[in-house]
Amino acid sequence: LARRERPFEIVCIDDGSELSSLRSLERFAQQTPSLRLLHLDHAGGLSAALTVGIAAARGELVAVIESSGQYLPEQIPWLVERLARADLVYGRRQRSRPPKLVQAVAQLPRRLLLGLEARDPDCLFWAARREAVAGLDLAPGMHRLLGSLVATRGYRVAEMHVDHNSAAAGQSF
């Protein structure tokens, strides 16, 4: 991001991290002026952390990347570039056929009830114009419906393929 010569900030949300991870983040925050570390009083889940992070963001664009190392931060500029044609751009993991079929079956009720603005709504690698996601108070599990919520507000939702390392799932920095 620094190479893009645009101001940016990194907002990390701690809702009960392991002490070693938290200490690493605190040391990194002391060395990195663009990083802000916010602490939640209790573990509220991903939707609560996203709500707090979006509300705390000061820039005109918001990008979300899961802390487990599944996604490449180097691809954030790709998501941001796609915002020229959309207001929210979801990453879409490339998968083999069996996982795609399982995902399609699991999404069927959501597709029938709400439509489906993103084929991989569980992908935690996305970018948005702040106004498209500002003011959303995401109840537990509602992060999966973010694309539909943004679309119902009149904003454009798109997706793009991103690299994904499923072996890193469950690990955190």
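Reading the values: the criteria
- Residues numbered from 1 in each chain as written.
- Predicted model: local features only at pLDDT ≥ 70, side-chain atom pairs only at ≥ 80, totals over all residues.
- Heavy atoms only, no water.
- Helix = DSSP H or I, 4+ residues; strand = E, 2+ residues; numbered from the N terminus.
- Buried < 20%, exposed > 50% of the residue type's maximum accessible area, 1.4 Å probe, protein only.
- Contact = heavy atoms within 4.5 Å.
- Areas by Shrake-Rupley, 256 points an atom, 1.4 Å probe, with all protein chains shown as cover.
- Expected span 1.5 Å × (residues − 1).
- Phe/Tyr/Trp six-rings, centres within 6.5 Å; stacked < 30°, edge-to-face > 60°.
- Pairing = 2+ DSSP bridges.
- Axes fitted to C-alpha atoms, helices over the stretch in contact; angles between N-to-C directions.
- Polar contact = N/O pair within 3.5 Å; in protein donor to acceptor, adjacent residues only side chain to side chain.

Q: Before we move on, could you go through the overall build of the protein and cite the residues and values that matter?
A: In terms of regular secondary structure, the protein is built from six helices and six strands. Seen in sequence order, the protein has helices and strands lined up from the N terminus as β-α-β-α-β-α-β-α-β-α-α-β. By residue count, 36% of the 173 residues in the protein fall in the buried class. Taking as baseline every contact in the protein between residues at least 6 positions apart, the subset at least 24 positions apart corresponds to 74%. Counting only carbon and sulfur atoms, one obtains 54% of the accessible surface of the protein, whose full area is about 10,400 Å².

Q: Which residues make up helix α2 (residues 45-56), and what values do they have?
A: Note on helix geometry: an α-helix contains 3.6 residues per turn, so any two residues three or four positions apart are oriented the same way. Here α2 contains twelve residues, and its C-alpha end-to-end distance of 17 Å stays within 8% of the 16 Å for a straight helix at 1.5 Å per residue. Along α2, the residues classified as buried are S47, A49, L50, T51, G53, I54 and A56. Where the residues of α2 are buried, they touch β1 (10-14), β2 (35-39), β3 (61-65), β5 (125-129) and α5 (130-133).

Q: Now, about the packing of aromatic side chains: what can you tell me, with residues and values included?
A: Scanning all chains against the criterion turns up one aromatic pair. A centroid spacing of 5.3 Å and a plane angle of 15° characterise the contact between Y71 and F125, whose relative ring orientation is stacked. One end of the pair, Y71, is in the loop between β3 and α3 (76-82); the other, F125, is in strand β5, with 54 residues separating them in the sequence. By the burial criterion, Y71 is buried, and F125 matches it.

Q: Account for the sheet that holds β5, naming residues and giving values.
A: Backbone-to-backbone hydrogen bonds join strands into a sheet, with any given pair of strands oriented parallel or antiparallel. The four strands are arranged β3-β5-β4-β6 in an open sheet whose pairing can be described as mixed. Edge positions in the sheet fall to β3 and β6 (157-162), since each has one partner strand and no second. Ignoring which end each strand starts from, the neighbouring axes of this sheet average 20° apart. Strand direction decides the pairing type here: strand β4 (residues 88-93) and β5, joined by three bridges, are antiparallel. Looking at the pairing, Y90 lines up with W126 of β5.

Q: Please set out the environment of D14 residue by residue, giving values where relevant.
A: For D14, the position within the fold is in strand β1. Counting along the chain gives 24 residues from D14 to L38, while the straight-line C-alpha distance between them is 6.0 Å. Excluding its chain neighbours within four sequence positions, the residues that come into contact with D14 are L22, L37, L38, H39 and L40.

Q: Please set out the side chain of S47 residue by residue, giving values where relevant.
A: For S47, the position within the fold is in helix α2. A polar contact of 3.2 Å, which involves the side chain of S47, links it to the backbone oxygen of A139. A polar atom in the side chain of S47 sits 3.2 Å from the backbone nitrogen of G141. With residues near it in sequence (within four places) discarded, S47 still touches L138, A139, P140, G141, M142 and H143.

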